[in-house]
Amino acid sequence: MTFQLDLTGEQLVQNASVLKDQVVFLTGGASGFGHDTSIIAAENGAKVFIVDLNKTALDAFVDELKAKGGQVEGYIADITKPEVVRAAFDQCVKSFGVPDVVYANAGVAANDKIDFDDLGEQVQPWVDITLRINLGGLLTTSAVAQDIWAENPRPEGARKPRLVLTASLGGFAPIPGATAYCASKHATVAYWKALSDALKAGKMSGFECHAVCPFFCATPILPRITLFLLAGLPFTPISMVSKTLIYAGIGSQDQPPEHKKLVDAAGGMALLLPDDGAATALAADDYYAFSDRFEAAFEARLARNQ
Ligand SMILES: NC(=O)c1ccc[n+]([C@@H]2O[C@H](COP(=O)([O-])OP(=O)(O)OC[C@H]3O[C@@H](n4cnc5c(N)ncnc54)[C@H](O)[C@@H]3O)[C@@H](O)[C@H]2O)c1
């Protein structure tokens, strides 16, 4: 383990004012983490371009933020469609400029149907939807962001743009009953690790890439039955996840030296929110060591709740 930073809610947003006038592009902003992250970014003066496919919720939210003086624009899009994602980025560039921060955050948690006699047509849709949105949509958002950044190179010494992927602790550990979800989030973590390694080795350049990995959190993504089954566990508060997303989006140039050291050494970092406590930043280099620590943290939590 080379680096570990534990960050309280206050520390996570202490430099958020540097986002003033920066352009934030965020998917899945009409609800949950994306919703709260958009509020913090807008309150700190960022220009926030919010993408979601829920028109009713997005329109109402954007009106609310505008009424409070936020510089925001909503864009209805399905992130599984590459041409639609490209059009969303083009509109963002037109309205606000090239994004400084891109949050690939939209996701779903379609449930497994525990019916092993019927592995045919009924099962296929949730696998397909989960992987198309959580993995395909995230990769598309990331790829188009990189195209836009390559098409619009920044001057020497300017802040690098940041790509922030919403993964999950389900990207490190299995969640029984959420198999396709776990597959999508493990793939997201692997993608983050691969990008970080490529950035570290200089095989890619021009941006930073970070992953945010929350434990269960009571947003609308969780079905009521899941909330019921998990009652009593110390869920990660939504506000901690949003503040962590903001922290990841700020970028190493405007963060404390320990943070910059971590990103310079490893190419990227994952921010883990294993319970209702502090966020832990983990260097991409330490990814493989993490599974042991996850086991230990999980055992400690179980002991606490017995
Ligand atoms: N809540 C949790 O317990 C939890 C834990 C770990 C990770 N996550 C991840 O956090 C991210 C955000 O989830 P949340 O908890 O805020 O959920 P949420 O349901 O509150 O918000 C997700 C948003 O994404 C949008 N969306 C879904 N599919 C889309 C598509 N194809 N195109 C555009 N927008 C789309 C939805 O309309 C919704 O507004 C997801 O990637 C999720 O997997 C959630």
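Residues numbered from 1 in each chain as written. Predicted model: local features only at pLDDT ≥ 70, side-chain atom pairs only at ≥ 80, totals over all residues.

**Looking at the pairing of strand β3 (residues 47-52)**
(1) Moving on: Of all the six residues making up β3, six are buried; the element is thus mostly covered by neighbouring parts of the structure.
(2) Moving on: Handedness of the crossover joining strand β2 (residues 23-27) and β3 through helix α2 (residues 32-43): right-handed.
(3) Moving on: Where β3 and strand β4 (residues 71-76) come together, six bridges link them in parallel fashion. Bridge pairing in β4 places K47 opposite Q71.
(4) Moving on: The β-α-β motif built from β3, the intervening helix α3 (residues 55-67) and the parallel element β4 has right-handed crossover chirality. (Buried ≥ 20, exposed ≤ 12 C-beta atoms within 10 Å, placed from the backbone. Helix = DSSP H or I, 4+ residues; strand = E, 2+ residues; numbered from the N terminus. Right-handed = clockwise from strand over helix to strand, strands pointing away. Pairing = 2+ DSSP bridges.)

**Some thoughts on the environment of A270**
(1) Moving on: Among the secondary structure elements, A270 is positioned in strand β8 (residues 268-273).
(2) Moving on: Along the sequence, A270 and T280 sit 10 residues apart, while their C-alpha atoms lie 8.1 Å from each other.
(3) Moving on: Leaving out residues up to four positions away in the same chain, A270 has contacts with W192, H210, A211, C213 and L282. (Contact = placed C-beta atoms within 7 Å.)

**Some words on helix α4 (residues 82-95)**
(1) Moving on: The first and last C-alpha atoms of α4 sit 20 Å apart over 14 residues, in line with the 20 Å expected at 1.5 Å per residue.
(2) Moving on: Residues of α4 that are buried include every one of V85, A88, F89 and C92, and no others. Buried residues along α4 cover an arc of 95 degrees about the axis, so they all sit on one side. Across from the buried face of α4, at angles greater than 90 degrees, the exposed residues are E83, D90 and K94.
(3) Moving on: Looking at the residues trailing α4, positive phi occurs at G97, about 115 degrees. (Expected span 1.5 Å × (residues − 1). Arc of directions from axis to C-beta.)

**Examining the packing of α2 against helix α8 (residues 238-250)**
(1) Moving on: Relative orientation of the contacting elements α2 and α8 amounts to 60 degrees, with a least axis distance of 8 Å. Here α2 is positioned oblique relative to α8, judged by the angle of their axes. As for how α2 packs across α8, the hand of that crossing is right-handed. Contacts between α2 and α8 pair G32, F33, D36, T37, I40 and A41 from the former with I238, S239, V241, S242, K243, L245 and I246 from the latter.
(2) Moving on: Residue classes in the contact of α2 with α8 are distributed as seven nonpolar, four polar and two charged. (Axes fitted to C-alpha atoms, helices over the stretch in contact; angles between N-to-C directions. Parallel < 35°, antiparallel > 145°, perpendicular 65-115°, else oblique. Left-handed = near helix turned anticlockwise from the far one by under 90°. Nonpolar A, V, L, I, M, F, W, Y, C, P; charged D, E, K, R; others polar.)

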